[in-house]
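Here's the letter readout for the chains.
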Amino acid sequence: MLSVFCYIKEFLRPEWWKKFLFAKTPPLTSPSYFRDYPHLTGNECTHELRCMMICPSPGAIEVLKTDDGRWEPVIYKGHCIRCGLCVEVCPDNVLASGRILEQNETDRTSYLSSYRLNVDDSLCMRCSNCSVACPINKVIDPNLAYNATSSSDDVIMRVKNSKLTILHPEKCTGCKTCEKTCPNGAITVARIVEGDQDEE
Amino acid sequence: MKKTVDVSLPVGPVHPCFKEPARIKCQTTGEKVLSAEIELGYVKKGIERIMVGRPWQEVMFLAERICGICSVIHNMVFIETVEKLSDINVPKRAAYLRVIVNELDRIQSHMLANYSYCYTIEHETLAMYLINLRETAIDQLELITGARITCAYMIPGGVRFDLKENDAEKLSFAMDKMEKDLIRFTNMFESGPLIGLRSKNVGILTREDAILSHAVGPTARASGINADQRTNHPTYQELGFSPIVMDSCDSYARVMVRFKEVFQSIELIRKCLDKLPKGLIRGGGVVTEGEYTWIGEAPRGELTYHVKTDKYGRVAEIAIQTPSIMNIEACAHHMLKNVDSAADVTSTFISSDPCIACNER
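Given the structure is predicted, the values throughout are model-derived calculations rather than measurements.

Asker: Talk me through the overall build of chain A; I want residue IDs and the actual numbers.
Answerer: Counting its regular elements, chain A contains eight helices and eight strands. Its C-alpha atoms give chain A principal-axis dimensions of roughly 95 × 40 × 40 Å. Every one of the 200 residues in chain A was classed for burial, and the buried ones make up 37%. Sequence separation of at least 24 residues holds for 57% of the intrachain contacts in chain A that already meet a minimum separation of 6. Per element, the accessible surface of chain A, about 12,000 Å² overall, is 55% carbon and sulfur.

Asker: Describe unusual backbone geometry, and please don't skip the residues or the numbers.
Answerer: Positive phi, normally seen in glycine, also occurs at A:Arg126, with a value near 55 degrees. Within the secondary structure, A:Arg126 sits in the loop between strand 5 (109-119) and helix 6 (129-133). Phi at B:Ala152 is positive, roughly 50 degrees, even though this residue is not glycine. Mapping B:Ala152 onto the fold places it in the loop between helix 5 (124-145) and strand 4 (154-155).

Asker: Quick rundown of the sheet that holds strand 7 (residues 301-309) of chain B? Include the residues and the values.
Answerer: Residue and element names in this part refer to chain B. Sheet architecture is open: three strands sit in the order 6-7-8, paired in antiparallel fashion. What marks the edges here is a single partner per strand, and that holds for strand 6 (290-298) and strand 8 (315-321). The mean angle between the axes of side-by-side strands here comes to 15 degrees, regardless of whether they run parallel or antiparallel. Where strand 6 and strand 7 come together, nine bridges link them in antiparallel fashion.

Asker: An account of the packing of helix 5 of chain B against helix 6 (residues 165-191) of chain B is requested, with residue identities and associated values reported.
Answerer: All names here are of chain B. Between helix 5 and helix 6, the least distance of the axes is 11 Å, while the angle of their chain directions is 165 degrees. Between helix 5 and helix 6, the interaxial angle falls into the category roughly antiparallel. The element helix 5 and its partner helix 6 pack so that their crossing is left-handed. Contact with helix 5, carried on its side by Leu126, Tyr129, Leu130, Leu133, Thr136, Ala137, Gln140, Leu143 and Ile144, involves Asp167, Lys170, Leu171, Ala174, Lys177, Met178, Asp181, Leu182, Phe185, Met188 and Phe189 of helix 6 and no other residues of that element.

Asker: I'd like to hear about helix 4 (residues 92-120) of chain B, residue by residue, with values.
Answerer: Helix length check: helix 4 of chain B, at 29 residues, gives a terminal C-alpha distance of 42 Å against a target of 42 Å (1.5 Å per residue), a fit within 8%. Backbone geometry just after helix 4 of chain B places B:Glu122 at a positive phi near 65 degrees.

Asker: Break down the UniProt feature "binding site: Mg(2+)" (unreviewed entry) in chain B for me, with residues and values.
Answerer: Residue and element names in this part refer to chain B. Per the UniProt entry, the sites bearing "binding site: Mg(2+)" (unreviewed entry) are Glu48 and Ile320 in this numbering. In sequence the annotated residues extend across 273 residues, while in space they remain close, none of their C-alpha pairs exceeding 7.8 Å. Examined against the element boundaries, Glu48 turns out to sit in helix 1 (residues 47-51). Setting aside residues no more than four positions away along its own chain, Glu48 makes contact with Ile318, Ala319, Ile320 and Arg361. Tracing the backbone through its elements, the reader meets Ile320 in strand 8. Setting aside its immediate chain neighbours within four residues, Ile320 contacts Glu48, Met51, Ile66, Leu303, Thr304, Tyr305 and Arg361.

Asker: How would you explain the interface of chain A and chain B if you had to name every residue and give the values?
Answerer: Opposite the 41 residues of chain A that make contact, chain B presents 38 residues. Sorting the residues of chain A by area buried against chain B places A:Tyr33, A:Arg35 and A:Gln197 first, and these three jointly supply 17% of that buried surface. Where chain A meets chain B, there are five salt bridges. The interface formed by chain A and chain B contains 18 residue pairs in polar contact (both at pLDDT 80 or more). Going through the elements one at a time, helix 1 (2-11), helix 4 (85-89), helix 5 (100-107), strand 5 and strand 8 (187-197) of chain A are the ones with two or more residues in the side of chain A that touches chain B. Element by element, the count of residues in the side of chain A that touches chain B is highest for strand 8 of chain A, at nine residues. Each residue belonging to the side of chain A that touches chain B can be placed in one class, and the counts come to 19 nonpolar, nine polar and 13 charged.

Asker: Describe the side chain of B:Glu360, listing the residues and the values that go with them.
Answerer: Residues and elements named next belong to chain B. Mapping Glu360 onto the fold places it in the segment after helix 14 (356-359). Within polar-contact distance, the side chain of Glu360 engages the backbone nitrogen of Val43 at 2.8 Å. The residues contacting Glu360, other than those within four sequence positions of it, are Leu40, Gly41, Tyr42, Val43, Lys44 and Lys45.

Asker: So what about the packing of aromatic side chains? Which residues, and what values?
Answerer: Evaluation of the coordinates by the stated rule reveals 12 aromatic pairs over all chains. Note on B:Tyr129 and B:Phe185: the rings are 5.1 Å apart at their centroids and 20 degrees apart in plane angle, and the pair reads as stacked. Of this pair, B:Tyr129 sits in helix 5 while B:Phe185 sits in helix 6, and the two are 56 residues apart along the sequence. Classification of B:Phe185 by relative accessible area gives buried; the value is 3%. One aromatic cluster is present, built from ring pairs that chain together A:Tyr7, A:Phe11, A:Trp16, A:Trp17 and A:Phe20. Between the NZ or CZ atom of B:Arg184 and the centre of the ring of B:Tyr129, over which it lies, the distance is 6.0 Å. The ring of B:Tyr236 has B:Arg230 lying over it, and the distance from NZ or CZ to the ring centre is 5.9 Å.

Asker: Can you tell me about the pattern of salt bridges, naming the residues and giving the values?
Answerer: Under the defined criterion, the tally for this structure stands at 36 salt bridges over all chains. Here A:Lys163 ties to A:Asp121 by a salt bridge, and the two come within 3.8 Å at their closest N and O atoms. Residue A:Lys163 is located in the loop between strand 6 (157-159) and strand 7 (164-166), and its partner A:Asp121 is located in the loop between strand 5 and helix 6; the two are separated by 42 residues in the primary sequence. Ionic pairing is found between B:Asp340 and B:Lys32, a salt bridge with its closest N-O pair at 3.5 Å. Of this pair, B:Asp340 sits in the loop between helix 12 (324-335) and helix 13 (344-351) while B:Lys32 sits in strand 3 (residues 32-39), and the two are 308 residues apart along the sequence. Owing to a relative accessible area of 60%, B:Asp340 belongs among the exposed residues under this scheme. Here B:Lys32 falls in the partly exposed class, since its relative accessible area comes to 33%. Through salt bridges with shared partners, a single ionic network connects B:Glu103, B:Arg106, B:Arg221, B:Asp228, B:Arg230, B:Glu261 and B:Glu297.

Cut-offs and rules
- Residues numbered from 1 in each chain as written.
- Chains lettered and ligands numbered in written order.
- Predicted model: local features only at pLDDT ≥ 70, side-chain atom pairs only at ≥ 80, totals over all residues.
- Heavy atoms only, no water.
- Helix = DSSP H or I, 4+ residues; strand = E, 2+ residues; numbered from the N terminus.
- Buried < 20%, exposed > 50% of the residue type's maximum accessible area, 1.4 Å probe, protein only.
- Contact = heavy atoms within 4.5 Å.
- Areas by Shrake-Rupley, 256 points an atom, 1.4 Å probe, with all protein chains shown as cover.
- Pairing = 2+ DSSP bridges.
- Axes fitted to C-alpha atoms, helices over the stretch in contact; angles between N-to-C directions.
- Parallel < 35°, antiparallel > 145°, perpendicular 65-115°, else oblique.
- Left-handed = near helix turned anticlockwise from the far one by under 90°.
- Expected span 1.5 Å × (residues − 1).
- UniProt positions renumbered as here; feature names shortened; annotations may be inferred.
- Buried area = accessible area lost by both parts, 1.4 Å probe.
- Salt bridge = Lys/Arg side-chain N within 4 Å of Asp/Glu carboxyl O.
- Polar contact = N/O pair within 3.5 Å; in protein donor to acceptor, adjacent residues only side chain to side chain.
- Nonpolar A, V, L, I, M, F, W, Y, C, P; charged D, E, K, R; others polar.
- Phe/Tyr/Trp six-rings, centres within 6.5 Å; stacked < 30°, edge-to-face > 60°.
- Lys NZ or Arg CZ within 6 Å of the ring centre and 35° of its normal.

Laid out in structure tokens, this is it:
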């Protein structure tokens, strides 16, 4: 019996009637702070590949060359989990998603990343595929060839004294070309990321 | 004593009242339930195995995806473990923002649990009201973090986004509205005679049984055990937190503890907004080699993470202990013993707020 009164009391509230009479579904629009899939802002991509390296979801983002010769990140929506790390890490603000960019600007936050190269000596067979394929090595020393005939020590890595030696890991941009070309999976690239905020 | 079993009654694995698949096998004589067994294993993900060998950036998001209902606390406990093992300090403002987001997540989780209970005892009106109220909490999560469920808010050394000026006002306005509605709904639950018939003195878990079966979270607190991991958390200690305990030990107490904890969460959020210090939200810090175990309080109870990392910041070992398995144990062995009606099986099971996705990692 008491519950009947409860219901009657509930239905006699003017707020309930207001809701009942003026019910209208608002049009479906995403709010400005909603973190959607990343989209391009129009800034020029400088092919630093930081978005690819920080992305936690495999195969969600790829930086490809367009027909007119510019680099452009492509998001595969089936793989993307909308974490927004690629937006936050890009130094040129190529991507945008929600209000991450303006938040980063007001908070002065950014990610600093560095890379470490790790060689497993028991797997490495000194073929120097990695040293030859590395795009940074090619720029520094175009003469670097198989069996590491180059004598330059400015390169990131080369075979020295019949052992693959990492000489300058700080020059690595983390493109993982060495990891892909290694036939034995002996070399791995690890990224070290530090979230940072400037003080006023 | 020998039990005379008439019918072995299966409930589930797919049942309209269950959020996730689980199977209950009941032994019954007539309407009376003598004992029950609960079977899991329908949605095993193998996520702990996937985590090993990946850098923390990937594990952070995988940890969030263990459970869709309490995703923030998984993120928070993993990040706190990683911070502790590599000695990273968190700025004061970031610690308070973490508490705000965590409490919003607790509100939405408790609202879903209570919605589920009300739906199971077939009070659909109240269930509908509660699930609408949950939307308010989720909207606030979206306002702060930009996403509704998998927020990815915390990183080692701080949080990712700051509150804007309007955000704090919007948040406190929403808290006022939510409290006003919640008082009405709690009164409805307390005074409803039919709700009382279905929930009072049903599914008794005594204090001794709760200790025996290691029940945690609201299930344990409804049985008179004063246990809450938030009392060990430094930020909650600053806010003057004390857990809510009831001692009527039945389904009603378990639901009421959750209602009262939502009021407490609203108070905590208000305190955080009042005390919110100015300054940085993100300090620097690199994840280094180490090993640590840290316990946090998920909406359902204690959540333990044991993490070991290598020198590149990759996770070498990880072990996660989620709260629900002990509550399910308590439910199977103690709550579902001598239940008077087969209709109360599902409602008793749901009142312990089982999270199957958390268990089947």
